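Coordinates in review
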Amino acid sequence: MTTHTVDTTQELAAFLRTRRERLDPRDLGLPSRRQARRTPGLRREEVAELAGVSVDYIVRLEQGRGLRPSADVVEALARALRLAPVERAYLFNLAQQRPRNADKPATAAAPPLARLVADLSPLPAMVVNHRYDILAWNREMARLLLDFDTLPPSQRNAMWLCLMHPEMRDFYVDRERVVREGIAHLRAAWAAHPEDRALTDLIAEFITRDEEFGRLWAERDIKVNGRGHKVMRHPEVGVIAVHFEVLVPLQDPNQRLLIFRAADDESQSALDRLWAR
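Summary of the structure given here. (Residues numbered from 1 in each chain as written. Predicted model: local features only at pLDDT ≥ 70, side-chain atom pairs only at ≥ 80, totals over all residues. Heavy atoms only, no water.)

Comments concerning the overall build of the protein
Helices and strands together make up the secondary structure of the protein, namely 12 helices and five strands. Whereas a compact globule of 277 residues would reach a radius of gyration of roughly 19 Å, the protein reaches 25 Å, over 25% beyond that. Counting every position in the protein, which comprises 277 residues, the buried fraction comes to 45%. Long-range contacts, defined here as pairs at least 24 residues apart, represent 54% of the contacts in the protein between residues at least 6 apart. Of the roughly 15,800 Å² that the protein leaves accessible, carbon and sulfur atoms contribute 51%. Across the protein, the 42 positively charged side chains and the 40 negatively charged ones have centroids separated by 7 Å. (Helix = DSSP H or I, 4+ residues; strand = E, 2+ residues; numbered from the N terminus. Rg over C-alpha atoms; globule rule 2.2 N^0.38 Å. Buried < 20%, exposed > 50% of the residue type's maximum accessible area, 1.4 Å probe, protein only. Contact = heavy atoms within 4.5 Å. Areas by Shrake-Rupley, 256 points an atom, 1.4 Å probe, with all protein chains shown as cover. Lys, Arg positive; Asp, Glu negative; His and termini not counted. Charge placed at Lys NZ, Arg CZ, Asp CG, Glu CD.)

As structure tokens, then:
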């Protein structure tokens, strides 16, 4: 078979059929039927019942008759068909709808990511979630920024530290740019996770307590940096310039791995002196 451009209507129809046919009714606790099944998997009537839609609607979807299901219907179909996360995302893409973020925000780093952070030494590295909560870090990152173990969990947030912690207010040479980019990221995360009450409360706290944050938040900049450059004033070894890279694991897309590396020879020498202490 030769594949050209995607016909989303026909692919949606075929995808729904194949996922319906692969399910075993017994695994879903459906009652047995007297009539023998002529085809494997669930009947359209059973999918319709599980998804809370009409049988005629399922028929028209599977026949590729140009329907565009709503996000609520796509979510219901994904649950009814027991789709894996990657299949659910595929179904939303085919329907040209945006999925809701059903998973709760991560409050702890996935164990493989936590081990990777440790293995990345001597490169400073840490794991954060979409609201900048710091979930895991190695000793180099704690030495470069702060000893996160001394902070209560509510303060282990990169944006909170930058705005509120007295030792961090003058830490970045180009503070306004760092804050501006952080706010632009938080605004994008806020729109993508409208159900995240903790993020909403965090933003409200920043607006109330920090005039600079409130001013920049009102500008409505949107930006998500996958890599960039920061210059820091370290109290022990002086100015350090770093490049940073942000990686998003496929298995844990709500978590982000941040890795710093020296931007020049002078900064690498400063980091070496810091590690030696």
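Topic: unusual backbone geometry
Note the cis peptide between Ser-121 and Pro-122, where omega equals 10 degrees. The residue Pro-122 is located in the loop between helix 6 (111-119) and strand 1 (125-129) in this model. Positive phi values are uncommon outside glycine, yet Tyr-132 reaches one of about 75 degrees.

Looking at the environment of Leu-250
Positionally, Leu-250 belongs in the loop between strand 4 (238-247) and strand 5 (255-262). Using a relative accessible area of 86% as the deciding quantity, one classes Leu-250 as exposed. In this structure, the C-alpha to C-alpha distance between Leu-250 and Leu-28, residues 222 residues apart in sequence, is 28 Å.

Considering the packing of helix 4 (residues 71-80) against helix 5 (residues 85-94)
It is at 10 Å that the axes of helix 4 and helix 5 come closest, and there the two elements cross at 150 degrees. Crossing of helix 4 over helix 5 shows right-handed handedness. The segment helix 4 lies against helix 5, with Ala-71, Val-74, Glu-75, Leu-77 and Ala-78 engaging Arg-88, Leu-91 and Phe-92. Considering only residue class, the contact of helix 4 with helix 5 consists of six nonpolar, no polar and two charged. (Axes fitted to C-alpha atoms, helices over the stretch in contact; angles between N-to-C directions. Left-handed = near helix turned anticlockwise from the far one by under 90°. Nonpolar A, V, L, I, M, F, W, Y, C, P; charged D, E, K, R; others polar.)

Things to note about the sheet that holds strand 1
Ordered by their spatial adjacency, five strands build an open sheet running 2-1-5-4-3, and the pairing between neighbours is antiparallel. On the outer flanks of this sheet lie strand 2 (134-137) and strand 3 (227-234), each paired with one strand and no other. In this sheet, adjacent strand axes meet at a mean angle of 30 degrees when their direction is disregarded. Pairing of strand 3 with strand 4 involves eight bridges; the strand directions are antiparallel. Bridge pairing links Val-231 to Ala-241 in strand 4. (Pairing = 2+ DSSP bridges.)

Quick word on the nonpolar core
In terms of nonpolar packing, the biggest core is built from 44 residues, with Leu-145, Phe-148, Met-159, Phe-206 and Phe-213 touching the most fellow members. If one sorts the elements of this core by residue count, helix 8 (residues 158-164) sits on top with six residues. In contact with Phe-148, other than residues within four places in its own chain, are Ile-134, Trp-137, Met-141, Ala-142, Arg-156 and Leu-161. Core analysis: the second largest hydrophobic core is formed by 26 residues, Leu-12, Ala-76, Ala-80 and Leu-83 among them. (Core = buried A, V, L, I, M, F, W, Y, C linked by side-chain atoms within 4.5 Å.)

What to know about the side chain of Glu-181
Mapped onto the fold, Glu-181 is located in helix 9 (residues 175-192). Residue Glu-181 is classed as buried on the basis of its relative accessible area of 19%. Each residue touching Glu-181, except ones within four places of it in the same chain, is listed here: Lys-223 and Asn-225.

Focus: the pattern of salt bridges
Taken as a whole and assessed by the stated rule, the structure comprises 22 salt bridges. Two residues, Arg-131 and Asp-196, come together in a salt bridge whose shortest N-O distance is 2.7 Å. Of this pair, Arg-131 sits in the loop between strand 1 and strand 2 while Asp-196 sits in the loop between helix 9 and helix 10 (197-209), and the two are 65 residues apart along the sequence. Residue classification places Arg-131 among the buried residues on the basis of a relative accessible area of 9%. We note a salt bridge from Arg-180 to Asp-221, for which the minimum N-O separation is 3.3 Å. (Salt bridge = Lys/Arg side-chain N within 4 Å of Asp/Glu carboxyl O.)

Examining the side chain of Arg-156
Summarising the element assignment, Arg-156 is placed in the loop between helix 7 (139-144) and helix 8. One buried charged residue, Arg-156, forms no salt bridge at all, with the nearest opposite charge on Asp-149 at 4.5 Å. A polar atom in the side chain of Arg-156 sits 3.1 Å from the backbone oxygen of Leu-151. Residue contacts for Arg-156: discarding those within four places in its chain leaves Tyr-132, Asp-133, Ile-134, Trp-137, Phe-148, Asp-149 and Leu-151. (Polar contact = N/O pair within 3.5 Å; in protein donor to acceptor, adjacent residues only side chain to side chain.)

Looking at the packing of aromatic side chains
According to the stated counting rule, one finds seven aromatic pairs in the structure shown. Geometrically, the ring pair formed by Phe-171 and Tyr-172 is edge-to-face, given 5.3 Å between the ring centres and 85 degrees between the ring planes. The burial state of Phe-171 is the same as that of Tyr-172; both residues are buried. Chaining the aromatic ring pairs together yields one cluster made of Trp-190, Phe-206, Phe-213 and Trp-217. For the cation-ring pair, Arg-187 lies above Trp-217, with the distance from its terminal atom to the ring centre recorded as 3.9 Å. (Phe/Tyr/Trp six-rings, centres within 6.5 Å; stacked < 30°, edge-to-face > 60°. Lys NZ or Arg CZ within 6 Å of the ring centre and 35° of its normal.)

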